[in-house]
Amino acid sequence: MRNDFRLGGDLPIGRLGFGAMRLPTNSFHGPARDPETGRAVLRRAVELGVDHIDTAAFYASGDGSVRANDLIREALHPYPDGLVIATKVGPLRTPDGGLEATTDPGALRALVEENLVSLGVDRLDLVYLRIGGIEPPPHGESVAARFEALAALREEGLIRHLGLSHVDAGHLAEARAIAPVAAVQNHFHTDKRDDTEVLARCEESGIAYVPYFPLGGGLSDLSGDRIAKVADRHGATVPQIALAWLLASSPVTLAIPGTGSPAHLEENTAAGSIVLTAEDLADLR
């Protein structure tokens, strides 16, 4: 059964999508994965009903030879009706394959245009302004100039909806005074629940809350006794229960698990059919 969410009030999407970060490589500095496998994963995701793909032009193998946006275009273009592709701008690749955030509003047009070209579209469905690293930048750092630059590109028709990533509640309020915010993408999962203020603001306003690293991203081990107990009860895996918990945590929460493995893709998408009970949710507190 589909569990639809209207992104920005006008784009119906399933609440369980797909994150493209691990298609080119398993890490930002890692070797390239087989591009044909990546294309096969994307095609299978769409066959399974995924209609929300999260990507970025800087999602690439360490040597830059395989890029997520290229794989998406090669596998799925011309895109099926109803497929929503979200991307993000802000970080820049450094010569050593790392990332650094740009604070220059003038640099964002080129980054948006890069996504338009690499995805093969005239307008991007959703563009996040990503700020800083894993954690939000210090409270009080303004996002206004950068968000205004993206809002101007939205007015030009290059972007349909705007989002924010790695932000706190103050950044969200600042951006919403400039233009509508359709989605927020922050770090949140069963073992990292300290972003409750931003989630609450999103829920109040019908803004999508789209956690990145929904399965820990290799930074957290989610296999504790509580989640294992619930997984056993459902005959499911721990990652499946972690995804089901995210979807149950709020009506505005979307999940975008990523993988470069067809088998892992099947496992993740099957989590959409798991309905957690009140007992399950109590055990997962």
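Structure: above.
Source: prediction; values computed, not measured.

(A) Expanded view of the packing of helix H5 (residues 169-176) against helix H6 (residues 196-205). At a minimum axis distance of 9 Å, the contact between H5 and H6 shows a crossing angle of 35 degrees. Contacts between H5 and H6 involve Ala169, Leu172 and Arg176 on the former and, on the latter, Glu197, Val198, Arg201, Cys202 and Ser205. In terms of residue class, the contact of H5 with H6 is built from 4 nonpolar, 1 polar and 3 charged.

(B) Representation of the pattern of salt bridges. Throughout the structure, instances matching the rule amount to 19 salt bridges. We note a salt bridge from aspartate 10 to arginine 160, for which the minimum N-O separation is 3.3 Å. Pair noted here: aspartate 10 is in the loop between strand S1 (4-7) and strand S2 (11-14) and arginine 160 is in strand S9 (residues 159-165), with a separation of 150 residues, a long-range link. Given the relative accessible area of 35%, aspartate 10 is considered partly exposed. With a closest N to O distance of 3.2 Å, aspartate 70 and arginine 73 form a salt bridge. In this pair, aspartate 70 and arginine 73 both sit in helix H2 (residues 68-76), 3 residues apart, roughly one turn of the helix. Its relative accessible area of 24% is what places aspartate 70 among the partly exposed residues. Among the charged side chains, a salt-bridge network with shared partners connects Glu36, Arg39, Arg43, Asp70, Arg73 and Glu74.

(C) Spotlight on the packing of aromatic side chains. Counting across every chain of the model gives 4 aromatic pairs. Relative to tyrosine 59, the ring of phenylalanine 58 lies with its centre 5.3 Å away and its plane at 85 degrees, an arrangement referred to as edge-to-face. Grouping residues by exposure puts phenylalanine 58 and tyrosine 59 together as buried. Plain terms: the ring middles of phenylalanine 188 and tryptophan 245 are 5.8 Å apart, the flat faces sit at 25 degrees to each other, and that makes the pair stacked. Of this pair, phenylalanine 188 sits in the loop between strand S10 (183-185) and H6 while tryptophan 245 is found in helix H8 (residues 238-249), placing the two residues 57 residues apart along the sequence. No difference in accessibility class separates phenylalanine 188 from tryptophan 245, as the two residues are buried. Three or more aromatic residues joined by ring pairs make a cluster, and in this case those are Phe188, Tyr209 and Trp245.

(D) Fine view of the sheet that holds S10. Read across the sheet, 7 strands follow the order S3-S4-S5-S8-S9-S10-S11 without closing on themselves; strand pairing throughout is parallel. Strand pairing shows two members of the sheet lacking a second neighbour, strand S3 (18-19) and strand S11 (208-209), which therefore form its edges. Bridging between S3 and strand S4 (residues 52-54) involves 2 bridges; their strand directions are parallel. The residue bridging glycine 19 from the neighbouring strand is aspartate 54, located in S4. Each of strand S5 (84-89), strand S8 (124-130) and S9 is contacted by helix H4 (residues 144-155), which is oriented at about 165 degrees to S9, the strand it contacts most.

Scoring rules and cut-offs
- Residues numbered from 1 in each chain as written.
- Predicted model: local features only at pLDDT ≥ 70, side-chain atom pairs only at ≥ 80, totals over all residues.
- Heavy atoms only, no water.
- Axes fitted to C-alpha atoms, helices over the stretch in contact; angles between N-to-C directions.
- Helix = DSSP H or I, 4+ residues; strand = E, 2+ residues; numbered from the N terminus.
- Contact = heavy atoms within 4.5 Å.
- Nonpolar A, V, L, I, M, F, W, Y, C, P; charged D, E, K, R; others polar.
- Salt bridge = Lys/Arg side-chain N within 4 Å of Asp/Glu carboxyl O.
- Buried < 20%, exposed > 50% of the residue type's maximum accessible area, 1.4 Å probe, protein only.
- Phe/Tyr/Trp six-rings, centres within 6.5 Å; stacked < 30°, edge-to-face > 60°.
- Pairing = 2+ DSSP bridges.

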